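Each chain, letter by letter, is given below.
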Amino acid sequence: MSTKLDALLERLKAQQRTLILAMAEHDGLPAGSARRQVAELENVIAAVAAVAADRERRDNKP
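Attention here is on the structure that accompanies the text.

The rules behind each value
- Residues numbered from 1 in each chain as written.
- Predicted model: local features only at pLDDT ≥ 70, side-chain atom pairs only at ≥ 80, totals over all residues.
- Heavy atoms only, no water.
- Patch = residues over 30% accessible without salt bridge, like charges linked within 9 Å, V, L, I, M, F, W, Y side chains within 5 Å.
- Areas by Shrake-Rupley, 256 points an atom, 1.4 Å probe, with all protein chains shown as cover.
- Salt bridge = Lys/Arg side-chain N within 4 Å of Asp/Glu carboxyl O.
- Lys, Arg positive; Asp, Glu negative; His and termini not counted.
- Charge placed at Lys NZ, Arg CZ, Asp CG, Glu CD.
- Helix = DSSP H or I, 4+ residues; strand = E, 2+ residues; numbered from the N terminus.
- Expected span 1.5 Å × (residues − 1).
- Buried < 20%, exposed > 50% of the residue type's maximum accessible area, 1.4 Å probe, protein only.
- Contact = heavy atoms within 4.5 Å.
- Core = buried A, V, L, I, M, F, W, Y, C linked by side-chain atoms within 4.5 Å.

Side note on a negative patch on the surface
There is a patch of like negative charges on the surface, built from Asp6, Glu10, Glu56 and Asp59. Listing elements by their share of the negative patch, those giving two or more residues are helix H1 (2–24) and helix H2 (32–59).

A word on H1
Between its terminal C-alpha atoms H1 stretches 33 Å, which fits the 33 Å expected from 23 residues at 1.5 Å a residue. Three or more residues of H1 are buried, namely Leu5, Leu9, Leu12, Gln16, Leu19 and Met23. Where the residues of H1 are buried, they touch H2.

What about the nonpolar core?
Among the nonpolar cores identified, the biggest contains 11 residues, and these are Leu5, Leu9, Leu12, Leu19, Met23, Ala34, Val38, Leu41, Ile45, Val48 and Ala52. Where this core is concerned, the elements lending two or more residues are H1 and H2. Looking at which element gives the most residues to this core, the answer is H2, with 6 residues.

Details of the environment of glutamate 25
Secondary-structure assignment places glutamate 25 in the loop between H1 and H2. According to the relative accessible area criterion, glutamate 25 is exposed, its value standing at 67%. For the pair glutamate 25 and alanine 46, spaced 21 residues apart in sequence, the C-alpha to C-alpha distance is 26 Å.

Quick notes on the pattern of salt bridges
Applying the stated criterion across every chain yields a total of 2 salt bridges. Put simply, aspartate 54 and arginine 57 hold a salt bridge, and the shortest N to O gap is 3.8 Å. With aspartate 54 and arginine 57 both in helix H2, this residue pair falls 3 residues apart, about one helical turn. Note on arginine 57: relative accessible area 54%, which makes it exposed. Aspartate 54 serves as the salt-bridge partner of arginine 58, at 2.7 Å between the closest nitrogen and oxygen. Here arginine 58 and its partner aspartate 54 are both found in helix H2, 4 residues apart, which amounts to about one turn of the helix. Each member of the salt-bridge network shares a partner with another, and the members are Asp54, Arg57 and Arg58.

In structure tokens:
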């Protein structure tokens, strides 16, 4: 399961990076919807990372 969580985490980070780079191409403040997408991805990234870390701790428990 860890490899699936890692793969999901990488996909989420890549999507967030793509959005941020697209926003950087335009002058001015990015649209609110784009900012919300980045923020929502950040929350999901944090949640997936927490689940992965928890799973790692449980798997390595003696």
